[in-house]
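Tertiary structure, described
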Amino acid sequence: MAATQLNTFRTIRHTVTTSNVGIYTAPVNVATVVLNLTAANVSSGISSITAYHSRGGTDIEIVRNFEIPTKDTAILVDKKLVFETDDILKIEGTANSDIEVLLSVLESAKQ
């Protein structure tokens, strides 16, 4: 079994759909610090996004129906959030392919 690297920065890119889907799951033996979650509206109209922290099958909203004007960007998370093993970041939008998100995390091995 390979050792878990002590600190790893990751960037996850995702195009939002109308389905509530997980875009990141914290790995086993890792504490993850969510550094930033940015959403860009790439459509020609106002679009909304909802983001959730999910643990043990329970979703808690981080932002709900956050409206982003056309061709604009919003910072949905600009403070640190800590995710434990198997915690999931989920997102959904009001339309398919209207919003693109960029998630930056730091994964730290639990010693």
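Reference entry: report on the structure contained in this document. If you're wondering where the values come from, they're calculated on a predicted model, not measured in any experiment.

1. What about the sheet that holds strand β2 (residues 21-25)?
Across a sheet, paired strands are connected by hydrogen bonds in the backbone, their directions being either parallel or antiparallel. Ordered in space as β2-β8-β4-β5, the 4 strands form an open sheet in which the pairing is antiparallel. The sheet is open, and its two edges are formed by β2 and β5 (58-68), each paired on a single side. Neighbour-to-neighbour, the strand axes of the sheet open up by a mean angle of 25°, direction not taken into account. Here β2 runs beside strand β8 (residues 88-93); their pairing, made up of 4 bridges, is antiparallel. For Y24, the partnering residue across the bridge sits in β8 and is L89.

2. Section: unusual backbone geometry
Positive phi, normally seen in glycine, also occurs at N65, with a value near 45°. Checked against the element boundaries, N65 lands in strand β5. Judged by its relative accessible area of 47%, N65 is partly exposed. The phi angle at D86 is positive, at roughly 75°, despite the residue not being glycine. Inspection of the secondary structure assignment puts D86 in the loop between β7 (81-83) and β8.

3. Here's the deal with the environment of T38
Counting through the fold element by element, T38 comes out in strand β3 (residues 30-41). Taking the C-alpha atoms as reference points, T38 and L102, separated by 64 residues in sequence, lie 5.2 Å from one another. Those residues in contact with T38 that sit more than four places away from it in its chain are T73, A74, I75, E100, V101 and L102. At 2.5 Å, the side chain of T38 forms a polar contact with the side chain of N36.

4. Overview of the pairing of strand β4 (residues 47-55)
The buried fraction of β4 is high, at 8 of 9 residues. Bridge count between β4 and β5: 8 bridges; the pairing is antiparallel. Within the sheet, the bridge partner assigned to S54 lies in β5 and is D59. Relative to β8, β4 runs antiparallel, the two being bridged by 6 bridges.

5. A look at the nonpolar core
In this structure, L37, I49, V101 and L103 are the most contacted members of the largest nonpolar core, which totals 22 residues. Contributing elements (two or more residues each) for this core: β2, β3, β4, β5, β6 (73-77), β8 and β9 (99-109). Of the residues forming this core, the biggest block, 4 residues, is contributed by β9. Setting aside residues no more than four positions away along its own chain, L103 makes contact with R10, T11, I12, I23, Y24, V34, N36, L37 and L89.

Rules of the game
What you see as residue numbers is a count from 1 along each chain, following the sequence as written. Selection of residues for local features in this predicted model requires a pLDDT of at least 70, selection of side-chain atom pairs for listing and counting requires 80 or more, and totals for whole chains, interfaces and linings are taken over all residues. To get the side-chain values, all heavy atoms of the structure are used, and hydrogens and water are removed first. For two strands to be treated as a pair, DSSP must find at least two bridges joining them. Helix and strand definitions follow DSSP, with helices as H or I runs of at least four residues and strands as E runs of at least two, each counted in order from the N terminus. In this analysis an axis means a line fitted to C-alpha atoms, helices contributing only their contacting stretch, and an angle means the value between N-to-C directions, from 0 to 180 degrees. Throughout this description, buried means an accessible area under 20% of the type-specific maximum (1.4 Å probe, protein chains only), exposed means over 50%, and partly exposed covers the range between. In what follows, residue pairs with any heavy atoms lying within 4.5 Å of each other are defined as contacts. Residues adjacent in sequence count toward polar contacts only when both atoms are side-chain atoms; beyond that, a polar contact is any pair of N or O atoms within 3.5 Å, and within protein one must be able to donate a hydrogen and the other to accept it. Only buried residues count toward a nonpolar core. Its members are Ala, Val, Leu, Ile, Met, Phe, Trp, Tyr and Cys residues joined through side-chain atoms within 4.5 Å.

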